[in-house]
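Fold and contact review
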Amino acid sequence: MRTYSMKASEIQKDWILIDAEDLVVGRVASLIAKILRGKHKATYTPHMDCGDYVVVINADKIKFTGKKYTDKRYYRHTGYPGGLKVTNPKEIMTGRFPERVLYKAVERMLPRGPLFRDILVHLRIYSGNTHPHEAQQPKLLDVKSMNRKNSRAA
């Protein structure tokens, strides 16, 4: 047996569309990270960018389980002494860029390095119902039907 290693000329990239309405953040983020990385393919090669493009719509209608919507905390530091800033998902989701919650969740599930930066470019998240990638003919991935725990009814 030999381990198969994909060449750059053999990489085939598809476009996948995910409707994030009523989906649980962590579950959809882990699925998106897996698709971006290419782990859903039989020809997965760890050192190559063999994942697909992912377009997410309705990111502003994503759900959290339990009390995470109000109690979960996101930390960032300004770089100055005493510059720790704390926010929660409710503030971000009601703010100007609600799609950042899902973007950061996916970003933190990918391994760091030069390949990380190449992979993350293939993620497109939109808070509305429309997207400018109709020309690529993305295939709709029905995440709700994969597992009943993937979605939360309002």
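For the structure, check the block above.
Okay, so let's go over this structure. (Residues numbered from 1 in each chain as written. Predicted model: local features only at pLDDT ≥ 70, side-chain atom pairs only at ≥ 80, totals over all residues. Heavy atoms only, no water.)

Time to look at the overall build of the protein. Summing up its helical and strand segments, the protein has five helices and six strands in all. Taken from N to C terminus, the helices and strands of the protein fall in the order β-α-β-α-β-β-α-α-α-β-β. Over its C-alpha atoms, taken along the principal directions, the protein stretches across nearly 50 × 40 × 30 Å. The 154 residues of the protein split such that 39% are buried. Considering only contacts within the protein whose residues lie at least 6 apart along the sequence, 70% involve residues at least 24 apart. Surface exposure of the protein reaches about 9,800 Å², of which carbon and sulfur atoms provide 51%. (Helix = DSSP H or I, 4+ residues; strand = E, 2+ residues; numbered from the N terminus. Buried < 20%, exposed > 50% of the residue type's maximum accessible area, 1.4 Å probe, protein only. Contact = heavy atoms within 4.5 Å. Areas by Shrake-Rupley, 256 points an atom, 1.4 Å probe, with all protein chains shown as cover.)

The tally for this structure, following the rule as stated, stands at six salt bridges. Two residues, lysine 7 and glutamate 10, come together in a salt bridge whose shortest N-O distance is 3.5 Å. When its relative accessible area of 33% is taken as the criterion, glutamate 10 is described as partly exposed. Lysine 139 is paired through a salt bridge with aspartate 14; the nearest N and O atoms lie 3.7 Å apart. Note that lysine 139 is positioned in strand 6 (residues 139-141) and aspartate 14 in the segment before strand 1 (15-19), a separation of 125 residues in sequence. (Salt bridge = Lys/Arg side-chain N within 4 Å of Asp/Glu carboxyl O.)

Okay, the packing of aromatic side chains next. Evaluated as defined, the whole model comprises two aromatic pairs. Summarising the aromatic geometry, the rings of tryptophan 15 and tyrosine 53 are spaced 4.4 Å apart at their centres and angled 5° between planes, so their arrangement reads as stacked. Separated by 38 residues along the polypeptide, tryptophan 15 in strand 1 and tyrosine 53 in strand 2 (residues 53-57) bring together distant segments of the chain. Each member of the pair, tryptophan 15 as well as tyrosine 53, is classed as buried. (Phe/Tyr/Trp six-rings, centres within 6.5 Å; stacked < 30°, edge-to-face > 60°.)

Glancing now at the environment of aspartate 71. Position of aspartate 71 among the secondary structure elements: in helix 2 (residues 68-71). Expressed as a C-alpha distance, the spacing of aspartate 71 and serine 151, which sit 80 residues apart in the sequence, is 20 Å. In terms of polar contacts, aspartate 71 uses its side chain to reach the side chain of threonine 70, at 3.2 Å. (Polar contact = N/O pair within 3.5 Å; in protein donor to acceptor, adjacent residues only side chain to side chain.)

Below, the discussion takes up a nonpolar patch on the surface. Nonpolar side chains collect at one region of the surface, where Tyr75, Leu84 and Val86 lie side by side and expose about 310 Å² of accessible area between them. The residue tyrosine 75 is located in strand 3 (residues 74-77) in this model. (Patch = residues over 30% accessible without salt bridge, like charges linked within 9 Å, V, L, I, M, F, W, Y side chains within 5 Å.)

For the rest of this paragraph, the subject is the sheet that holds strand 2. Pairing in this open sheet of four strands is parallel, and the strands run 5-2-1-6 from one edge to the other. Each end of this open sheet is capped by a strand with a single partner; those strands are strand 5 (123-125) and strand 6. For this sheet, the mean angle separating the axes of adjacent strands, direction not counted, is 25°. With five bridges connecting them, strand 1 and strand 2 associate as parallel partners. (Pairing = 2+ DSSP bridges. Axes fitted to C-alpha atoms, helices over the stretch in contact; angles between N-to-C directions.)

Just geometry here; none of it tells us what the structure is for.
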